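Now for the letters of each chain:
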Amino acid sequence: MRQIQILLFIMTTTVSAFAQTGKASTIKKTFSRQTSVSVRIAADREVIWALLTNADDFPRWNSTILKMEGDIAQGEKISLVSTLDITRTFKLKVKKLAPETEMVWTDGAAPFFKGLRTYTLTANPDGSSTFSMSEKIGGLMFPMAAKHIPDFDASFEKFAADLKQEAEIIQHSNQ
Amino acid sequence: MTTLDTLNETFKSCRPQLKSYILRMTASVEDTEDIVQETYLKAHKNLESFRGDSSLKTWIFTIASNLARDFLRAKKRWPENVTDICKEAALSNRQFFQEMMEIRTTSPQGDFEIREHITFCFTCIAKSLPIEQQLCLLLKEIYAFQVSEIAQILDKSEAMIKYYLHTARSKMTAIFDHRCALINKEGVCHQCTELNGIFNPKQKVQEELMKIEMVRAAGQKDKATLFDLRLEIVRAIDPFESGAAALQLHHLTHNKAVMDKYLEEK
């Protein structure tokens, strides 16, 4: 029994640590695909949240975003150009916004094709924060479009790394 | 308990800083006078509520910052290329140049100096920042408040003040790097040297420029250091008391009128 408990503890901590390393993972299904990344950031949630909700400022610190316009607020529309496809302007809607906790952006139209980008922030006991981002794309048209949609893993990892770097620089700046 | 005498004494000693701070926020001499006056009246009225959680000077700046913030909240921010827009308006306004020439020749504060224009330019461009960022930048970099004091003044956490400061500095550094020909040969704005040619035609502009450390350091120092050197210039000049005050305040009044009209039409 004791050995099982130790094994379970090791497994849990290993999974938890792995989940916050900033390494992206993708789960592929016939009608959907979901990419996720999670990273521990040594900064207050409000600083991270400020970075995530200031559209004009995104391209300054986030190397995956070339341009972003709009007001990142509940129900508002934003447009962005990312390095994933520099020829396309994505039109997104802020579907949910719970300050310093969760934000959801959507695009497309169900049931044919829909994208759902979710950002979550959680406070850790040591004062750091855990940032997680996932994007689920899917729908009836997904199997036909799948081969034309680029892989998100590298872009997600860069996004998380840039956010971590910028938030930690701000938090630890000796102003 | 803080007495009225202490308030009056503190207010008197920090009034020059307060005036220049509010001028740099509003770009209007008239609005500055009003806000400074209102700050005193509010401080006088609420003196009993001052508990000494901060210094009296910080408390006075808190009142002034709130008044300025409320006053500016509904107004649109200026664009980064404010000096281009205002230059174009000035070129088609003969009266503006006639008034400037008159100030230049008759006012004891009518000198034109490139340093003074650098501070004027800083005021205009800082008005393109979101208001919290502009407030933080001025309070920290020009008026030497600590992050903890600015957090009290703006009623925000220290982490957020650091965020505003970092973002403001990054944006201003990038704008000047892109625009200012004094620090970047590819810079699109030469306004200070052009105006120097108009107001000081006998001066050798290169010699004048070499007196400015920021210009001498251009090409050798990084962008952030050049921005720090720019801040040093701004810190050293009181826009109401300098030798160019009359000329620059007239210019600022012109720019504000141009921007008010431009933003209203937009």
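On a predicted model such as this, the values are computed, not experimentally measured, just so you know. (Residues numbered from 1 in each chain as written. Chains lettered and ligands numbered in written order. Predicted model: local features only at pLDDT ≥ 70, side-chain atom pairs only at ≥ 80, totals over all residues. Heavy atoms only, no water.)

1. Digging into the side chain of Ser128(A)
All names here are of chain A.
Now for step 1: Among the structural elements, Ser-128 can be located in the loop between strand 7 (113-123) and strand 8 (129-138).
Now for step 2: Exposure remark for Ser-128: the relative accessible area of 3% places this residue in the buried category.
Now for step 3: A distance of 2.6 Å separates a polar atom in the side chain of Ser-128 from a polar atom in the side chain of Asp-126. (Helix = DSSP H or I, 4+ residues; strand = E, 2+ residues; numbered from the N terminus. Buried < 20%, exposed > 50% of the residue type's maximum accessible area, 1.4 Å probe, protein only. Polar contact = N/O pair within 3.5 Å; in protein donor to acceptor, adjacent residues only side chain to side chain.)

2. Regarding the pattern of salt bridges
Opposite charge on two side chains permits them to pair, given that their charged atoms come into close proximity.
Now for step 1: Evaluation of the coordinates by the stated rule reveals 20 salt bridges over all chains.
Now for step 2: The shortest N-O distance in the salt bridge between Lys164(A) and Glu168(A) comes to 2.9 Å. With Lys164(A) and Glu168(A) both in helix 5 (residues 153-171) and four residues apart, this pair spans about one turn of that helix.
Now for step 3: A salt bridge links Lys256(B) to Asp260(B), with the shortest nitrogen-to-oxygen separation between them at 2.8 Å. (Salt bridge = Lys/Arg side-chain N within 4 Å of Asp/Glu carboxyl O.)

3. Topic: the interface of chain B and chain A
Now for step 1: Counting residues at the interface gives 13 residues for chain B, matched by 14 residues for chain A.
Now for step 2: Here chain B meets chain A over a buried area of about 1200 Å², counting both sides, of which 59% is carbon and sulfur.
Now for step 3: Of all residues in chain B, the largest losses of buried area upon contact with chain A belong to Lys162(B), Tyr163(B) and His166(B), amounting jointly to 48% of the total for that side.
Now for step 4: Where chain B packs against chain A, one counts zero salt bridges.
Now for step 5: Along the contact surface separating chain B from chain A lie seven residue pairs in polar contact (both at pLDDT 80 or more).
Now for step 6: When residues of the side of chain B that touches chain A are traced back to their parent elements, those giving at least two are helix 7 (131-142) and helix 9 (158-179) of chain B.
Now for step 7: A total of nine residues in the side of chain B that touches chain A trace back to one element, the largest contributor, which is helix 9 of chain B.
Now for step 8: Class assignment of the residues belonging to the side of chain B that touches chain A gives a composition of five nonpolar, five polar and three charged. (Contact = heavy atoms within 4.5 Å. Buried area = accessible area lost by both parts, 1.4 Å probe. Nonpolar A, V, L, I, M, F, W, Y, C, P; charged D, E, K, R; others polar.)

4. Considering the sheet that holds strand 7 of chain A
Residues and elements named next belong to chain A.
Now for step 1: Pairing is antiparallel in the open sheet, where eight strands are placed in the order 1-2-8-7-6-5-4-3. Of all the strands in the sheet, the pair left with one neighbour each is strand 1 (25-28) and strand 3 (65-70). When the angles between neighbouring strand axes are averaged without regard to direction, this sheet yields 20 degrees.
Now for step 2: One ladder, built from eight bridges, connects strand 6 (residues 102-109) with strand 7; its direction is antiparallel. For Thr-106, the partnering residue across the bridge sits in strand 7 and is Leu-116.
Now for step 3: Across the sheet, helix 2 (residues 45-52) touches strand 2 (32-41), strand 5 (85-98), strand 6, strand 7 and strand 8, and the angle it forms with strand 7 is around 155 degrees. (Pairing = 2+ DSSP bridges. Axes fitted to C-alpha atoms, helices over the stretch in contact; angles between N-to-C directions.)

5. With respect to the state of the cysteines
Residue and element names in this part refer to chain B.
Now for step 1: Here the structure, examined in full by the defined rule, presents zero disulfides over all chains.
Now for step 2: Distance from the sulfur of Cys-86, which forms no disulfide, to the nearest cysteine sulfur (Cys-124) is 6.5 Å.
Now for step 3: Residue Cys-86 is classed as buried on the basis of its relative accessible area, which comes to 1%.
Now for step 4: Cys-180 supplies the cysteine sulfur nearest to Cys-192, a cysteine that is in no disulfide, at a spacing of 6.0 Å.
Now for step 5: Note on Cys-192: relative accessible area 8%, which makes it buried. (Disulfide = S-S within 2.5 Å.)

6. A closer look at unusual backbone geometry
Now for step 1: The backbone of Glu100(A) sits at a positive phi, close to 60 degrees, despite the residue not being glycine.
Now for step 2: The residue Glu100(A) is located in the loop between strand 5 and strand 6 in this model.
Now for step 3: The residue Asp155(B) is not glycine, and still its phi comes out positive at about 55 degrees.
Now for step 4: With a relative accessible area of 69%, Asp155(B) lands in the exposed category.

7. Some points on the packing of aromatic side chains
Now for step 1: Counted under the stated rule, the structure contains 20 aromatic pairs over all chains.
Now for step 2: Arranged with centres 5.2 Å apart and planes meeting at 75 degrees, the rings of Phe96(B) and Phe97(B) form a pair that is edge-to-face.
Now for step 3: On the basis of relative accessible area, Phe96(B) is assigned to the buried category, the value being 3%.
Now for step 4: Geometrically, the ring pair formed by Tyr163(B) and Tyr164(B) is tilted, given 5.7 Å between the ring centres and 55 degrees between the ring planes. A single burial state applies to Tyr163(B) and to Tyr164(B), both of which are buried.
Now for step 5: Through a chain of ring-to-ring contacts, the aromatic side chains of Phe58(A), Trp61(A), Trp105(A), Tyr119(A), Phe131(A) and Phe159(A) assemble into a single cluster.
Now for step 6: Here Lys75(B) stacks its cationic end above the ring of Phe71(B), 4.8 Å away from the centre of that ring.
Now for step 7: Residue placement shows Arg230(B) over the ring face of Phe176(B); its charged tip is 3.7 Å from the ring centre. (Phe/Tyr/Trp six-rings, centres within 6.5 Å; stacked < 30°, edge-to-face > 60°. Lys NZ or Arg CZ within 6 Å of the ring centre and 35° of its normal.)

8. What to know about the environment of Arg24(B)
All names here are of chain B.
Now for step 1: Mapping Arg-24 onto the fold places it in helix 1 (residues 4-26).
Now for step 2: Accessibility expressed as a relative area gives 4% for Arg-24, which makes it buried.
Now for step 3: With 110 residues separating them in the primary sequence, Arg-24 and Gln-134 have C-alpha atoms 9.2 Å apart.
Now for step 4: Here Arg-24 is in contact with Thr-123, Lys-127, Gln-134, Leu-138, Ile-142, Tyr-143, Val-234, Ile-237 and Pro-239, once residues within four sequence places are set aside.

9. Considerations on the nonpolar core
Now for step 1: Counting 114 residues, the largest nonpolar core has Leu52(A), Trp105(A), Phe131(A), Tyr21(B) and Phe122(B) as the members making the most contacts within it.
Now for step 2: The element contributing the most residues to this core is helix 9 of chain B, with ten residues.
Now for step 3: Setting aside anything within four residues of it in sequence, one finds Leu52(A) in contact with Phe58(A), Trp61(A), Ile72(A), Met103(A), Trp105(A), Tyr119(A), Phe131(A), Phe159(A) and Leu163(A).
Now for step 4: Trp78(B), Ile85(B), Cys86(B) and Cys124(B) belong to the second largest nonpolar core, which has 14 residues in total. (Core = buried A, V, L, I, M, F, W, Y, C linked by side-chain atoms within 4.5 Å.)

10. Quick notes on a nonpolar patch on the surface
Residues and elements named next belong to chain A.
Now for step 1: A surface patch of nonpolar side chains, about 540 Å² in accessible area, is lined by Phe-31, Phe-112, Leu-140, Met-141 and Met-144.
Now for step 2: Its place among the elements puts Phe-31 in the loop between strand 1 and strand 2.
Now for step 3: Its relative accessible area of 46% is what places Phe-31 among the partly exposed residues. (Patch = residues over 30% accessible without salt bridge, like charges linked within 9 Å, V, L, I, M, F, W, Y side chains within 5 Å. Areas by Shrake-Rupley, 256 points an atom, 1.4 Å probe, with all protein chains shown as cover.)

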